[in-house]
Amino acid sequence: MGAAGSKLEKALGDQFPEGERYFGLENFGNTCYCNSVLQALYFCVPFREQLLEYYANNKNIGDAEENLLTCLADLFTQISSQKKKTGVISPKRFVQRLKKQNELFRSYMHQDAHEFLNFLLNELVDILEKEAQASKSDPETSSPSDKLANGPKNGLANGPQKDPLVTWVHRNFQGILTNETRCLRCETVTARDETFFDLSLDIEQNSSITSCLKNFSSTETLNAEDKFFCDKCCSLQEAQKRMKIKKPPHILVIHLKRFKYIEQLGRYKKLSYRVVFPLELKLSNTMEDADSEYSLFAVVVHVGSGPNHGHYVSLVKSHNHWLFFDDENVEMIDESVVQTFFGSAQEYSSNTDHGYILFYESLGTGNKS
Amino acid sequence: MMMHNGSNGYGNGVMTSASSSTATGTSSSPSATNAQSQALKTYFKTPEGRYKLHYEKTHPPGILPYSHGKSVSQITLAHLKEKSTHSGPAPSTSASASTSSGVRYAAARLLGVGGGNGSRTLSFVGGNGTSKAANGTSRSSTLAGSNGGHSMLNSNYDGKGTYLIFNVGDTLFISDLNSPDKDPIKAIHFSNSNPVCHAFDPEAKDGHDLLIGLSSGDVYSASLRQQLQDVGKKLVGAQHYNKEGSCKEGTGDSSFPVIKDQTQFSVAHARSSKSNPIARWHICQGSINSIAFSTDGGYLATVGRDGYLRVFDYSKEQLIGGGKSYYGALLCCAWSFDGKYILTGGEDDLVTVWSMEDRKVVAWGEGHNSWVSGVAFDSYWSSPTSDGTEENVMYRFGSVGQDTQLLLWDFTMDEIIVPLRRCPPGGSPTFSAGSQSSHWDSICPVGTLQPAPSMRDVPKLSPLVAHRVHSEPLSGVTFTEESILTACREGHVKIWVRPGTSESQSSNSEAIVGTSSKEQPLLPGKTSVSSYKSVHV
């Protein structure tokens, strides 16, 4: 581990960013899905900073109960407080906690990095909401475990019921979609807001993220089997539906739907499509006045030809350098190498390393803490 | 001669299926076609008629590993005028050549090779005097092939002397443009680095009419005629400049001073008048992806990683203007023949029309589903409604993208609809005050770069035609008098003949194109070309 570390240090030389740590993560048997996402989150600087800040402020209160939030904060603190600049760390406690918490991740089978990210963010939100409730209702005596049953199940709080708590996880990742449905009979537009932590996009061969986002927001007609119940007409009607981004998130997480259920095969198949993603991106299908601009800072890459096996690695941009994280290994790469993870233009290709989850950070001053 | 594939382990993956990779190659039917390429049509319709697939040009499959898109095929057309005697320069004239001629220009993509800060800052615009630059052709030369007399060069198929030059992997291929033969007539191998760009100038005084740029930063100038006469696989009689990117900063032996401010445009001239390149234009941080001279050679446009188009007065060495893409890098640029407009394309999936007069973006072409990798004006096209007056000029241009599509566009300034002042439809009235678009009202001073316009401020164009022309992402488009050429990243070129071009000319191709699933009729004298395959029919 010393050798690999010193190689990276040598490569960066005196450009090694002040105070930054680049640590590989040990793999405990098929935990690369976890490692790749953890690296992306660690180098999501506003998230990291707020997690560490939260942890520093709440250390005393929460030291009784271990949960995923404390385990994650522990891990990040451990990395950031290393004396050495590079090396390998074992995320053992975090992985154990994860497996305890969710049986899905307990087996040694190959796991989906997106599912893990989704689970983790929702879990963090749950924990924060419970703590907030606990301190509000009964700050002295309540222990979080009592309230397990009645917290809001996930971050998707629809409609106006109360004021949903906005945690720092929300402030980083949460965006709002508006689902507009126009009844083709009475022309009434029904708008429904949904919150999201990431956008899952359908992909096409030889397309771009821009194009996938456009398709995501394109107008879809609901008819035949799939009619819309119009409240005004009080009946099923043909309608037009489209998704607009009402509030773009500070951290835009884009999940490419590379694993598709193929009915004829009766199983999932990996789509190796070439989907190009730019290093800068704008969302133009927003309802806000200015087009919000984003910069790519992390990519979780799925390596392999099938959905049930393979490997995950991540690419991370830190202080204007691109780094490649493959479990224990960390290497510096040139920006142009990012292009080799777009996918293949032909179905059968030796290239099986494909961008799977993209992390963009807003360049606007917006709601950065 | 290029059939021996030996130990190449890559052969199967990209271009062909495994079944086609027999060691010696056969003349059998193209089993390598996949479902995608079979769905491609061999024609497309436009208001003026059908464009038909005339010929395809490719290279022996399997021999070249396609390594993660690091070298993208570019095409250059070259028209060799007849010369009574061979006039290629003797290598010994190099000393004087460097002052009288040498590298006129080349856009070299310096793919960050190891060195220091990893920023790729060089673009070469060497010059041999501005008067000479008046004939500047862009990297994807649109001029060759049609203007010139019908000279008779023995080896050339139809005597027009038009050749197609394209790079694949470590090799530069030369094909006879008007011959039905798919395979190149010449391959030049580079052992150390991959050729990434090339240009041809028929007017080059010393006969060094072919420029080649390598990913290492090396630049060669050579005589195309001399290459065609040589039987070897190496570049012959070439001048070699910027060896291993020696102009790059920090290499010690550079003849240029250190760049003081990486963010500022600066021009430095070589300390010695004998050296070449003669000047270094430091344009921006990050790579430069494409450059183009205006037809009269007076202006130079550059686009790059930072997303900016920059336009320079070439002789004054001054920045005139430019602007930012909507977002992401710009990948290609091209001038209109009259120098009034510049097209750019890039990672925002847009084709941008830039007006020299207004020094701003006047239209965005929406239609590609991926990055735009090639743009070109069709200078041979004239609008059927054109009355010949200067007032109402209609332009035709084409673009190709990584979505495998060729798009054709018509554009006239008269029909551009300037968006109304900001008042979002159905939006809150509070928006309309104060946030008025500055894009159309402001005057852009000379020498300034414009920020990215907002989506709402730029008029949109829709394509006239959208056609999937290849099964791989495209890299270039070129117009000639008779046809449109499209190239994909892997080095397959298709020639689409214009509507109404004589049937006699296209009859050959009908036979070839039309029989994709059967045995190819071998042409007389071509029986030895055993690699003849129809991959993309």
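Residue numbers here run from 1 along each chain, matching the order of that chain's written sequence. Throughout, the order in which chains and ligands are written sets their labels, letters from A for the former and numbers from 1 for the latter. Owing to the predicted nature of the model, reporting of local features is limited to residues with pLDDT of at least 70; listing and counting of side-chain atom pairs is limited to 80 or more, with chain, interface and lining totals taken over all residues. Calculation of side-chain values draws on the structure's entire complement of heavy atoms; hydrogens and water are dropped beforehand.

Chemist: Help me understand the overall build of chain A, please; the structure alone is not making it clear to me.
Modeler: Put simply, DSSP H or I for four residues or longer makes a helix, DSSP E for two residues or longer makes a strand, and each gets a number counted from the N terminus. Counting its secondary structure elements, chain A contains eight helices and 20 strands. Any residue under 20% of the maximum accessible area for its type is buried, any over 50% is exposed, and the rest in between are partly exposed; the area is computed with a 1.4 Å probe on protein chains only. When each of the 369 residues of chain A is scored for burial, the buried share is 52%. By the convention used here, residues are in contact when the closest approach between their heavy atoms is within 4.5 Å. When contacts within chain A are restricted to residue pairs at least 6 apart in sequence, long-range pairs at least 24 apart make up 68% of them. Here chain A has roughly 17,500 Å² of accessible surface; of this, 48% comes from carbon and sulfur atoms. Here the Shrake-Rupley method, with its probe set to 1.4 Å, supplies the accessible areas, and only the displayed protein chains count as covering residues.

Chemist: What is the right way to look at helix H2 (residues 32-42) of chain A in this model?
Modeler: One full turn of an α-helix is made of 3.6 residues, so residues set three or four places apart face in the same direction. Within H2 of chain A, 11 of the 11 residues are buried, which leaves the element mostly enclosed by the surrounding structure. Listing the buried residues of H2 of chain A in full gives Cys 32, Tyr 33, Cys 34, Asn 35, Ser 36, Val 37, Leu 38, Gln 39, Ala 40, Leu 41 and Tyr 42 of chain A.

Chemist: Which parts of the structure should I look at to understand the sheet that holds strand S21 (residues 360-365) of chain B?
Modeler: As a general point, the strands of a sheet are linked pairwise by backbone hydrogen bonds and lie either parallel or antiparallel. Residues and elements named next belong to chain B. Two strands are counted as paired when DSSP detects at least two bridges linking them. The strand order across the open sheet built from five strands is S18-S19-S20-S21-S26, with neighbouring strands paired in mixed fashion. Either end of the sheet is taken by a strand with one partner, and the two such strands are strand S18 (330-335) and strand S26 (460-461). As paired elements, strand S19 (residues 341-346) and strand S20 (residues 351-355) share five bridges and run antiparallel to each other. Along S20, the bridge assignment pairs Gly 345 with Val 351.

Chemist: Sorry, what's going on with the side chain of Thr 86 of chain A here?
Modeler: Here Thr 86 of chain A shows up in strand S2 (residues 86-89). Whenever two N or O atoms come within 3.5 Å, that pair is a polar contact, provided that in protein one can donate a hydrogen and the other can accept it, and provided that, for residues adjacent in sequence, both atoms are side-chain atoms. Side-chain polar atoms of Thr 86 of chain A contact the side chain of Glu 9 of chain A, separated by 3.1 Å.

Chemist: Teacher, can you tell me more about the environment of Cys 333 of chain B here?
Modeler: Residue and element names in this part refer to chain B. Secondary-structure assignment places Cys 333 in strand S18. Residue classification places Cys 333 among the buried positions, given a relative accessible area of 7%. Distance in space between the C-alpha atoms of Cys 333 and Ala 376 is 7.7 Å, their sequence separation being 43 residues. With residues near it in sequence (within four places) discarded, Cys 333 still touches Ser 290, Ile 291, Ala 292, Ala 301, Val 303, Ile 342, Leu 343, Thr 344 and Val 375.

Chemist: Looking at this model, I keep getting lost on the packing of aromatic side chains. Mind explaining?
Modeler: Geometry of an aromatic ring pair is reported as the spacing of the ring centres plus the angle between the planes. Between the rings of Phe, Tyr and Trp (Trp by its six-membered ring), a pair exists once the centres lie within 6.5 Å; its type follows the angle of the planes, with under 30 degrees stacked, over 60 edge-to-face, and the other angles tilted. Summed over the entire model, instances satisfying the criterion amount to 37 aromatic pairs over all chains. Look at Phe 94 of chain A and Phe 116 of chain A: their rings are 6.2 Å apart centre to centre, the planes differ by 85°, and that puts the pair in the edge-to-face class. Separated by 22 residues along the polypeptide, Phe 94 of chain A in helix H5 (residues 92-101) and Phe 116 of chain A in helix H6 (residues 113-137) bring together distant segments of the chain. Here Phe 293 of chain B and Tyr 314 of chain B contribute two aromatic rings whose centre-to-centre distance is 5.0 Å and whose plane-to-plane angle is 90°, an arrangement assigned as edge-to-face. On the criterion of sequence distance, the pair formed by Phe 293 of chain B in strand S14 (residues 288-293) and Tyr 314 of chain B in the loop between strand S16 (308-313) and strand S17 (318-324) is long-range, its members being 21 residues apart. For Phe 293 of chain B, a relative accessible area of 6% translates into the label buried. Residue classification places Tyr 314 of chain B among the buried positions, given a relative accessible area of 9%. Grouping aromatic residues by their ring pairs yields a cluster made of Phe 16, Tyr 22, Tyr 42, Phe 43, Phe 47, Tyr 54, Phe 76, Trp 168, Phe 173 and Phe 325 of chain A.

Chemist: Would you explain the sheet that holds strand S10 (residues 239-247) of chain A in this entry?
Modeler: All names here are of chain A. Ordered by their spatial adjacency, four strands build an open sheet running S4-S3-S10-S7, and the pairing between neighbours is antiparallel. Strand pairing shows two members of the sheet lacking a second neighbour, strand S4 (189-196) and strand S7 (220-222), which therefore form its edges. Strand-to-strand twist in this sheet, taken as the mean axis angle between neighbours without regard to direction, amounts to 30°. With eight bridges connecting them, strand S3 (residues 175-183) and S4 associate as antiparallel partners. Bridge pairing in S4 places Thr 181 opposite Thr 190. Lines are fitted to the C-alpha atoms to define the axes, a helix being fitted only along its stretch in contact, and any angle between axes, read from their N-to-C directions, falls within 0 to 180 degrees.

Chemist: Help me understand the packing of H2 of chain A against H5 of chain A, please; the structure alone is not making it clear to me.
Modeler: The relative placement of two packed helices is expressed as an angle between their axes plus a distance between the axes. Residue and element names in this part refer to chain A. Here H2 crosses H5 at 120°, and the two axes come no closer than 12 Å. For the pair H2 and H5, the sense of crossing is right-handed. Here Tyr 33, Cys 34 and Leu 38 of H2 come into contact with H5, specifically with Phe 94, Val 95 and Leu 98. For the contact of H2 with H5, the class distribution of residues is six nonpolar, no polar and no charged. The sense of a crossing depends on the near helix, which, turned anticlockwise from the far helix by less than a right angle, makes the crossing left-handed and, turned clockwise, makes it right-handed. Nonpolar residues are Ala, Val, Leu, Ile, Met, Phe, Trp, Tyr, Cys and Pro. Charged residues are Asp, Glu, Lys and Arg, and all others, Gly as well, are polar.

Chemist: In this structure, what is going on with the pairing of strand S29 (residues 483-488) of chain B? I would like to understand it.
Modeler: Taken residue by residue, a regular strand's side chains alternate between the two faces of the sheet. Residue and element names in this part refer to chain B. Where burial is concerned, most of S29 is hidden: six out of the six residues are buried. Side chains of S29 alternate between two faces, with Ser 483, Leu 485 and Ala 487 and Ile 484, Thr 486 and Cys 488 buried alike. Summarising the sheet, strand S28 (residues 474-479) and S29 pair through five bridges and their orientation is antiparallel. Looking at the pairing, Thr 478 lines up with Leu 485 of S29. Joining the antiparallel neighbours S28 and S29 is a turn of three residues. Bridge count between S29 and strand S30 (residues 493-497): five bridges; the pairing is antiparallel. Bridge pairing in S30 links Ser 483 to Val 497. A loop of four residues connects S29 with S30, the two strands running antiparallel in sequence, and Gly 491 in this loop sits at a positive phi of about 90°.

Chemist: When you look at the nonpolar core in this model, what are you seeing that I'm missing?
Modeler: What tends to happen in soluble globular proteins is that the nonpolar side chains get buried as a cluster. Residues and elements named next belong to chain A. By nonpolar core is meant a set of buried Ala, Val, Leu, Ile, Met, Phe, Trp, Tyr and Cys residues that side-chain atoms within 4.5 Å join together. Counting residues in hydrophobic clusters, the biggest one holds 62 residues, and the most contacted among them are Phe 47, Phe 116, Phe 173 and Phe 359. Tallying contributions element by element places H6 first for this core, with 10 residues. Leave out the neighbours within four places in its chain, and Phe 173 touches Leu 41, Cys 44, Phe 47, Leu 121, Phe 196, Phe 197, Pro 249, Ile 251 and Val 253.

Chemist: I'm lost on the pattern of salt bridges in this one. Help?
Modeler: Here the idea is simple: oppositely charged side chains can pair when their charged atoms come close. Residue and element names in this part refer to chain A. Any Lys or Arg side-chain nitrogen found within 4 Å of a carboxyl oxygen on Asp or Glu counts as a salt bridge. For the structure shown, the criterion picks out 17 salt bridges over all chains. Here Lys 246 ties to Asp 193 by a salt bridge, and the two come within 2.6 Å at their closest N and O atoms. Of this pair, Lys 246 sits in strand S10 while Asp 193 sits in strand S4, placing them 53 residues apart in sequence. We classify Lys 246 as partly exposed; its relative accessible area is 34%. Connected through salt bridges with shared partners, the residues Glu 66, Asp 74, Arg 93 and Arg 97 form a single ionic network.

Chemist: I keep staring at the UniProt feature "repeat: WD" (unreviewed entry) in chain B and nothing clicks. Help me out?
Modeler: UniProt positions are given in the numbering used here, feature names are shortened, and annotations may be inferred rather than shown by experiment. When the UniProt feature table is mapped onto this chain numbering, "repeat: WD" (unreviewed entry) sits at residues 288-322 and 323-364 of chain B. As a span, residues 323-364 of chain B carries 0% helix and 57% strand, and end to end its C-alpha atoms are 13 Å apart.

Chemist: How should I be thinking about unusual backbone geometry in this particular structure?
Modeler: Most peptide bonds take the trans form, and the phi angle of most residues other than glycine is negative. Even without a glycine there, the phi angle at His 319 of chain A is positive, about 50°. Within the chain, Thr 404 of chain B stands out as a residue other than glycine whose phi angle is a positive 70°. Tracing the backbone shows Thr 404 of chain B in the loop between strand S23 (395-401) and strand S24 (405-411). For Thr 404 of chain B, a relative accessible area of 1% translates into the label buried.

Chemist: It is not clear to me how the packing of helix H4 (residues 68-80) of chain A against H5 of chain A should be interpreted in this structure. Could you clarify?
Modeler: Residues and elements named next belong to chain A. With their axes 9 Å apart at the nearest point, H4 and H5 run at an angle of 165° to one another. The angle between the axes of H4 and H5 places the two elements in the roughly antiparallel class. H4 and H5 meet at a crossing whose hand is left-handed. Contacts between H4 and H5 involve Leu 68, Cys 71, Leu 72 and Asp 74 from the former and Arg 93, Phe 94, Arg 97 and Leu 98 from the latter. Of the residues in the contact of H4 with H5, the class split is five nonpolar, no polar and three charged. Should an angle fall under 35 degrees it is taken as roughly parallel, and over 145 as roughly antiparallel, whereas 65 to 115 is taken as roughly perpendicular and any remaining angle as oblique.

Chemist: I would appreciate a short explanation of the side chain of Ser 325 of chain B in the present structure.
Modeler: All names here are of chain B. In this fold, Ser 325 is placed in the loop between S17 and S18. Here Tyr 327 takes part through its backbone oxygen, which lies 3.2 Å from a polar atom of the side chain of Ser 325. In contact with Ser 325, not counting residues within four places along its chain, are Gly 307, Leu 330, Asp 348 and Ala 452.

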